[in-house]
Amino acid sequence: MEKIIEADILDMDDFFSKYNKDLVSRDLINYILDNAKEIDDEEVIIVLNKKIDKKLGDILRNSFKMEYNLMVKEHFHDNKMQVIYFLIGILMLIISRILNEEALFEELFLIGGWVLIWQTVEIEFFRDTANIKKRRILKKLINSQIVEKKIK
């Protein structure tokens, strides 16, 4: 089974970013990603119905690669932040146990430590899960077939 995603490119402004003509429009990338969300093991075919003569398939594929690399960097950054939050959270919990005599500071460090540990869990279960799915879709789109059709 195959999933066909069609996009109409009527002029250069539909394909390229408004502010940088070397980058594909964010709207186009988001449109394709939104239409590709339901893909399981289907083959993806992207059909660009265009009125312009420029070859756009390779440019679009490179944009998917750049987006994928950006998601990998974000994943690496999230992992670093998880380690930092977890270590500081544990340190704050240890400090709260040491400060038994000072009730106010004990509670502040206890709450702060648990907040940082919860932030670690939130990144892993919520943000990272969405990024994993987006990276999987981008891999599929990078390897997809891109068909360019000339329209009048």
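Everything below is about the structure shown above.
Below or above, wherever it landed, is the structure these notes cover.

**A closer look at the overall build of the protein chain**
Logical step 1: In terms of helices and strands, the protein chain carries four helices and three strands.
Logical step 2: Its helices and strands taken in sequence order, the protein chain reads β-α-α-β-α-α-β from the N to the C terminus.
Logical step 3: Scaling as 2.2 N^0.38, a compact globule of 152 residues should have a C-alpha radius of gyration of about 15 Å, whereas the protein chain reaches 23 Å, well beyond that.
Logical step 4: Along the first, second and third principal axes, the C-alpha set of the protein chain runs to 80 × 35 × 20 Å.
Logical step 5: Charge separation in the protein chain, taken as the distance between the mean sites of 24 positive and 27 negative side-chain charges, equals 8 Å.

**Points about the pairing of strand β2 (residues 43-50)**
Logical step 1: Burial of β2 is extensive: seven of the eight residues sit out of reach of the surface.
Logical step 2: For strand β1 (residues 2-9) and β2, the ladder comprises eight bridges, and the chain directions are parallel. Bridge pairing in β2 places Ile 5 opposite Ile 46.
Logical step 3: Two elements, β2 and strand β3 (residues 145-150), share six bridges in a ladder whose sense is parallel. When the sheet's bridge partners are listed, Asn 49 is paired in β3 with Lys 149.

**Observations concerning the packing of helix α2 (residues 26-35) against helix α3 (residues 57-98)**
Logical step 1: At a closest axis distance of 11 Å, the pairing of α2 and α3 adopts a crossing angle of 80 degrees. Between α2 and α3, the interaxial angle falls into the category roughly perpendicular. Contact residues: Arg 26, Leu 28, Ile 29 and Ile 32 in α2; Leu 60, Ser 63, Phe 64 and Glu 67 in α3.
Logical step 2: Of the residues contributing to the contact of α2 with α3, the split by class is five nonpolar, one polar and two charged.

Analysis parameters
- Residues numbered from 1 in each chain as written.
- Predicted model: local features only at pLDDT ≥ 70, side-chain atom pairs only at ≥ 80, totals over all residues.
- Heavy atoms only, no water.
- Helix = DSSP H or I, 4+ residues; strand = E, 2+ residues; numbered from the N terminus.
- Rg over C-alpha atoms; globule rule 2.2 N^0.38 Å.
- Lys, Arg positive; Asp, Glu negative; His and termini not counted.
- Charge placed at Lys NZ, Arg CZ, Asp CG, Glu CD.
- Buried < 20%, exposed > 50% of the residue type's maximum accessible area, 1.4 Å probe, protein only.
- Pairing = 2+ DSSP bridges.
- Axes fitted to C-alpha atoms, helices over the stretch in contact; angles between N-to-C directions.
- Parallel < 35°, antiparallel > 145°, perpendicular 65-115°, else oblique.
- Contact = heavy atoms within 4.5 Å.
- Nonpolar A, V, L, I, M, F, W, Y, C, P; charged D, E, K, R; others polar.

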